[in-house]
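Summary of the model geometry
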Amino acid sequence: MQKSYLNVIDIETGEITLLHTYEKIIEAPNWNPENECLYFNSEGHIYRYDPDTDRTELIDTGSCDDCNNDHVLSPDFTKIAVSHNTNHDWLQCQIYVCPIEGGEATLVTPVKPSFLHGWSPASDELCYCAFRIYDGAQHVDVYKTMAPGKVERKEDAFEEVRLTFEGFNDGPEFSPDGKHIWYNSTVTGLMQIWRMNADGSQKVQMTDNDKDNWFAHISPDGKKVVYLVFNKEDQLPEQHLPNLHVELWLMDYDGSNQSKLVSLFGGQGTINVNSWNRDSRRLAFVSYDEI
């Protein structure tokens, strides 16, 4: 069995601390600043890791028993939203929300497939990547919808807002002030990091290099952005495969000072979701045994 390593890197010193080694695949840590615990997915379930006790415990997500690496904590840290592969089929993935301590989940997106990535700081909206058919062709775009509890609606009244219209678009995440959504897109060829206003206007390309760039995550203080970089020779631009030599890069919020933070063996599962600590200095990520 391939081992997974749950790590923390200090972006100022570059020091990497290994928190725990798992004898299985784990993916996508979220950091809960209220208790310093990390949440991740493994084998279809969500787990909580407490660094103070070095203890890992299963979180009850009700009928959502095939959760993938697209999960997000609510801004008040009382809920966790998950992407669940209905019928164990990723093409039937739907977004659900359940209590952070565990419990039955509430369906958010009846339309499939939908892959969660962001929760607005005002707690009123979720943003996600979704596969939809337009004019007989499949398109992969960024969408947003109202978060549970903010509106009373039935499933058949579900509404979503399409925010992108060209290329393959994924990994949307709200900025801490709610003004922007960061995402990655192939609209100019290779996968690059983009930023747009939360209503989808004023799209700006933030990276322009000869690599494939994925999963931009903004630090809580809104000053830094970390993202995952793949070599273009290793995969197609719209892929984010596991078991590759990849890099974590860092840039300022305005796109300046882009620099490599660390090289590692990882890819899919390394930083699919935001894993910044509240100090905006430490960042959790997953690496793997090289195979």
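The following paragraphs examine the structure supplied in this document. (Residues numbered from 1 in each chain as written. Predicted model: local features only at pLDDT ≥ 70, side-chain atom pairs only at ≥ 80, totals over all residues. Heavy atoms only, no water.)

The next thing to look at is unusual backbone geometry. For residues besides glycine, phi is generally negative; the peptide bonds are generally trans as well. Going from Lys112 to Pro113, the amide bond is cis rather than trans, its omega being -15°. Looking at where Pro113 falls in the secondary structure, it is placed in the loop between β10 (106-107) and β11 (114-119). Although it is not a glycine, Asn243 adopts a positive phi angle of roughly 60°. Structurally, Asn243 can be placed in the loop between β20 (224-231) and β21 (244-252). Classification of Asn243 as partly exposed rests on a relative accessible area of 27%. A positive phi angle is found at Ser280, which is not glycine, with a value near 60°. Here Ser280 shows up in the loop between β22 (259-266) and β23 (282-288). Overall, the relative accessible area of 9% leaves Ser280 in the buried class. (Helix = DSSP H or I, 4+ residues; strand = E, 2+ residues; numbered from the N terminus. Buried < 20%, exposed > 50% of the residue type's maximum accessible area, 1.4 Å probe, protein only.)

Right, let's talk about the pairing of strand β8 (residues 79-85) for a bit. The buried count for β8 comes to six of seven residues, which makes it a mostly enclosed element. Across four bridges, the pairing between strand β7 (residues 67-73) and β8 is antiparallel. What sits directly across from Cys67, in β8, is His84. In textbook terms, the turn of a hairpin is the stretch between consecutive antiparallel strands, and for β7 and β8 this stretch comprises five residues, one of which, Phe77, has a positive phi near 60°. Summarising the sheet, β8 and strand β9 (residues 93-99) pair through seven bridges and their orientation is antiparallel. For Ile80, the partnering residue across the bridge sits in β9 and is Cys98. (Pairing = 2+ DSSP bridges.)

Attention now goes to the nonpolar core. Ranked by internal contacts, the top residues of the largest apolar core, which has 25 residues, are Trp214, Val226, Leu228, Leu248, Leu261 and Leu283. Contributions of two or more residues to this core are made by β12 (125-134), β19 (211-218), β20, β21, β22 and β23. No other element matches β21, which puts four residues into this core. Beyond its immediate stretch of four places on either side in the chain, Leu228 contacts Asp212, Asn213, Trp214, Phe215, Val246, Glu247, Leu248, Gly267, Thr270 and Ile271. (Core = buried A, V, L, I, M, F, W, Y, C linked by side-chain atoms within 4.5 Å. Contact = heavy atoms within 4.5 Å.)

Here we take up the packing of aromatic side chains. Applying the stated criterion across every chain yields a total of nine aromatic pairs. Taking the centre distance of 5.1 Å and the plane angle of 65° together, the rings of Trp182 and Tyr253 count as edge-to-face. Taken together, the residues Trp182 in strand β16 (residues 180-185) and Tyr253 in the loop between β21 and β22 connect sequence positions 71 residues apart. The pair formed by Trp182 and Tyr253 is uniform in burial state, with each residue classed as buried. Among the aromatic side chains, those forming a connected cluster through ring pairs are Trp90, Phe115, Phe131 and Phe168. (Phe/Tyr/Trp six-rings, centres within 6.5 Å; stacked < 30°, edge-to-face > 60°.)

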